[in-house]
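Report on the structure
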Amino acid sequence: MKVMKFGGTSVGSTDAIKQVVSIVEKAAQTSQVYVVVSAVGGVTNQLVSLSQKAAIRDKSYEEDIAQLKTQHLEIFEVLTGSTTDEFIDHIFTQLTEVCKGVFLLKELTERTKDYILSSGERLSSYMVNAYMEKQGLDVQLFDAREYIITDKKFGGANVIWQPTTQNFEALKENKKQVNLFPGFIASTLDKETATLGRGGSDYTASLIANLLKADELEIWTDVNGLMTADPRLVRQAKLLEHVSYEEALELSHFGAKVLYPPSIQPALDVNIPIAIRNTFDPGGPQTYVTKEWQDGQTIIRGISSIKDVALLTLTGPSMVGIPNFSARLFKALSDAKVNVILITQASSEHSICVGISQADVVLAQQAVDEEFHTEVMLRKIDPVKIETDLCIVALVGSNMRDHVGISGKMFSTLGTNGVSIKAIAQGSSERNISVVIAQNHLKKALNTLHESFFLSELKKINLFVVGVGNVGKAFLSQVRKQQAMLAKEFRVDIQVVGIANSKQCYFEEQGMDLTKWTELLKTGDACDIDGFIERMKALNLRNSVFIDITASKSISAVYQGLLESSISVVTPNKIAATREMEKYLSLKWATKKYGSQFLFETNVAAGLPVISTMNDLFKSGDKVNSIQAVLSGTLNYLFNNYDGTKPFSSIVKDAKALGLTEPDPRLDLSGEDVMRKLLILIRESGRKFEMDQIAQVSFLPEACEKAKDLDEFYDLLDANEAHFQQLYADANAEDAQLRVVASFKNGEAKVGLEKVQKSHPFYFLEGKDNIVLFYTERYDEQPLVVKGAGAGAAVTASGIFADVLRIANS
Ligand SMILES: NC(=O)C1=CN([C@@H]2O[C@H](COP(=O)(O)OP(=O)(O)OC[C@H]3O[C@@H](n4cnc5c(N)ncnc54)[C@H](O)[C@@H]3O)[C@@H](O)[C@H]2O)C=CC1
Ligand SMILES: N[C@@H](CC=O)C(=O)O
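Keep in mind it's a predicted model, so treat the numbers as computed, not measured.

The rules behind each value
Residues numbered from 1 in each chain as written. Chains lettered and ligands numbered in written order. Predicted model: local features only at pLDDT ≥ 70, side-chain atom pairs only at ≥ 80, totals over all residues. Pairing = 2+ DSSP bridges. Helix = DSSP H or I, 4+ residues; strand = E, 2+ residues; numbered from the N terminus. Axes fitted to C-alpha atoms, helices over the stretch in contact; angles between N-to-C directions. Expected span 1.5 Å × (residues − 1). Buried ≥ 20, exposed ≤ 12 C-beta atoms within 10 Å, placed from the backbone. Arc of directions from axis to C-beta. Contact = placed C-beta atoms within 7 Å. Near = placed C-beta within 6 Å. Nonpolar A, V, L, I, M, F, W, Y, C, P; charged D, E, K, R; others polar. Parallel < 35°, antiparallel > 145°, perpendicular 65-115°, else oblique. Left-handed = near helix turned anticlockwise from the far one by under 90°.

Reading across from one edge, β13-β14-β12-β15-β17-β16 is the order of the six strands in this open sheet, with antiparallel pairing throughout. Edge positions in the open sheet fall to β13 (340-345) and β16 (421-426), since each of these has one partner strand only. Each adjacent strand pair in this sheet contributes to an overall mean axis angle of 30°, direction not counted. Bridge count between β16 and strand β17 (residues 432-438): five bridges; the pairing is antiparallel. In the sheet register, Gln-426 faces β17, and the bridge partner there is Ile-433.

See below:
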């Protein structure tokens, strides 16, 4: 025999009721079944509301009753074809009379309320029975009030087992194939209607399963079972196929509305397995709950959450060592009917902190203020402190207690996403580690923890890209091409959530279709960098990475704030890393303090691994003694291609068209871009250095350096063509190549044009090549050499991409 309980959504419409009946019919073919139904979805809440209205003499309760009656008659008509029904009329007449009494007396007792609420289950079970009869099922409807006997704790009455057991004994002889009970309702010894409180229908079903020794209890609802996290907040949440009762208890306590575990205790007491099943997907997967169960492998079974929490903290030196202090606090809260969800107290006993529902804040504050009024007056303790807009997130799993490092992983996962923890609690059972955090971080926290603890899932990286010019376009194209492969092979889901040019921005929380980003951006909103950051922060997505692919100073100014908000920054823009040393250090400090990353590999030689190589040398204990490098793709291209046959200016224009130059090529030609790169290398080698410590001799005629704009600059290059021809001729005469060389040795840095002979490694540099020679303590005779294309959209974009993947893999 099995017991099947159908919740409010399962009987919430005629289609749903038909589905229920077909499920029951099928089950009844192979075994006798006991069916328990809740009230039609939403009806219990409506009954609560209309009874409260009656109690405050709000006459609109009458309309609510009329509307409820219409709702039930409409369902009944579709199920049976009949537009009227005596029993339904009778229930609504009783309901109207009782509510009228409440209205007149302006009083709603728990007892009366229970009677009013019982209408919901009485109506639903009656209608389901009528339809079952019409379908020809061998069914009998029972009034649960004649079988389940309780004490007089109306609103949440306790079953009195002896008479209840006796009543059910008689049912053991019952041979009907389908036996239907309204859930939730019972009666007292003197036949007053009572209800079983929260999870009441589950309790009815569980009780029947216990008393009639059922083989199985099925709880039918509108989802397939318990999930690893709230699926409304975590898209990757998975169904849990089997959980222990303890785990179900922990998971359900924190927000999962699928099951109220105390209500299934009677079935578990006699080891009856419980299946949570979906009425609308009867053949689909389900969750089994059994008393003792462990898969022996999974450490974390689920991540549960509870919203709208407040923290109440009492602090004061006088609390130390006073034994009855906590007792008084909890008694005051209990007397005020405030439920305590979480408790933490440090061993110093200097403060105690409890989590309560935000709805109880006023009551709680009043109760605690009253209780500790004298101590606060005498300044023995501080006035109670209340923090609101919080939530609780808890890792749940029976195997946790045998594993070290779970809480460490939890805290660091949250920390690197900028989620600060306000309170922590872990029970001695170690089945649950709970943290209290700000509610606006809930979604991010759940998702990032889910990714971290359910390793087979994808890790999502959310990109926010500002600057979609030459390099930006190439970057978006590379991401688009690699997205599917990275997800499949490396379990990294890279999504571009926001993009901006200097006028507009476009956002899509789940990530945009990168085949259409240009059109999408055109449909975006007008926004500046502040607007972009505001929207990015409001989304508050986990693993957010800000990517600056502009050359803008104002964009680089936002990095500090982002890093301090635990948002990582990736950029080819060199401005931030070359500002005053103090500012550069401040960015580095922010990454350490807030767990973010600031990656700018492309600052020095586009996609070449120059900075990462330096970092590896530095971290592994090597010391860079000197650097010699050719660091400008543009200048290399110019001197590789200029032979006096075409004007120098036209080669500069070619370099710009090829995407090698800075947005303003004067930065390349003046040597400033190379100085910036050398400065970054020196700083990354662990030294404090400023731009003005680099000696630089420009190869440009002075007039060109003074050009007001780019057009004038090109004109001046043409006017000084003879100068460039002379430079070329001098080098050619010596069979040498012209290179702008950056060097650092003995604490001195310089940048300047040199004639490089064939014997030098800088002579044979093709096209836009860069080369860097590191002389270190370990590479003292032969330098460590990094060489290759050092400019261009594709290679720069791939360097940015590599930085993003470094973050994804960290
Ligand atoms: N081209 C190359 O080989 C390399 C370039 N870089 C760096 O990459 C960055 C981008 O270079 P390119 O793409 O070549 O330049 P670009 O001029 O083609 O693109 C920059 C884009 O940023 C946009 N922009 C400027 N201010 C903005 C703002 N406030 N908000 C939004 N967008 C803004 C511009 O409208 C432009 O579309 C520069 O910092 C450059 O130094 C670094 C290494 C190599
Ligand atoms: N303009 C630079 C490329 C970016 O750093 C160069 O030519 O090397």
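On to helix α4 (residues 86-105). Between its first and last C-alpha atoms α4 spans 29 Å; for 20 residues at 1.5 Å apiece the expected length is 28 Å, and the two agree. Turning to α4, its buried residues number three or more, namely Ile-88, Ile-91, Leu-95, Cys-99, Val-102 and Phe-103. The buried residues of α4 occupy an angular sector of 110° when the element is viewed end-on, so they sit on one face. Seen from the open side of α4, the exposed residues pointing more than 90 degrees away from its buried face are Glu-86, Asp-89, His-90, Thr-93, Glu-97, Leu-104 and Leu-105. The inward-facing, buried residues of α4 contact α2 (43-55), α3 (61-80) and α5 (110-134). Where α4 terminates, the next one or two residues include Lys-106, which has phi positive at roughly 55°.

In the vicinity of ligand 2, the residues found are Ala-606, Ser-632, Gly-633, Thr-634, Leu-660, Thr-661, Glu-662, Asp-668, Asp-673, Gly-790 and Ala-791. Taken together, the residues of the shell around ligand 2 sort by class into three nonpolar, five polar and three charged.

Below, the discussion takes up unusual backbone geometry. Glycine aside, residues mostly have negative phi, and peptide bonds are mostly found in the trans state. The phi angle at Asp-389 is positive, at roughly 60°, despite the residue not being glycine. Inspection of the secondary structure assignment puts Asp-389 in strand β15 (residues 385-396). The residue Asn-543 is not glycine, and still its phi comes out positive at about 45°. By the secondary structure assignment, Asn-543 is in the loop between α17 (529-539) and β22 (544-548).

Quick look at the site of ligand 1 now. Every one of the 30 residues lining ligand 1 counts as a neighbour, but Gly-467, Gly-469, Asn-470, Val-471 and Pro-572 are closest to it. Listing elements by their share of the shell around ligand 1, those giving two or more residues are α15 (470-490), α18 (553-556) and α30 (793-808). Per-element accounting of the shell around ligand 1 gives the leading share, three residues, to α15. Of the residues that constitute the shell around ligand 1, the class distribution is 14 nonpolar, 14 polar and two charged.

The subject of this paragraph is the sheet that holds strand β7 (residues 193-195). Taken in spatial order, the three strands of this open sheet run β4-β6-β7, and their pairing is mixed. Looking along the sheet, the strands with just one partner apiece sit at the ends: β4 (149-150) and β7. With two bridges joining them, β4 and strand β6 (residues 185-188) adopt parallel strand pairing. In the sheet register, Thr-150 faces β6, and the bridge partner there is Thr-188.

To continue, consider the environment of Tyr-779. Its location among the elements puts Tyr-779 in the loop between β29 (769-776) and β30 (784-789). Since 16 C-beta atoms lie within 10 Å of it, Tyr-779 is described here as partly exposed. As for Tyr-779 and Leu-104, which are separated by 675 residues in sequence, their C-alpha atoms are 95 Å apart. The contact partners of Tyr-779, leaving out residues within four places of it in the chain, are Phe-774 and Leu-784.

Contact pair helix α13 (residues 406-416) / helix α14 (residues 442-453): the axes reach a minimum separation of 10 Å and the direction vectors enclose 130°. Taken as axis vectors, α13 and α14 run oblique relative to one another. Between α13 and α14 the crossing geometry is right-handed. Between α13 and α14, the contacting residues are Lys-409, Met-410, Thr-413 and Leu-414 on the first element and Ala-445, Thr-448, Leu-449 and Ser-452 on the second. The residue inventory of the contact of α13 with α14, partitioned by class, reads four nonpolar, three polar and one charged.

Keep in mind these numbers describe shape, not what the thing actually does.
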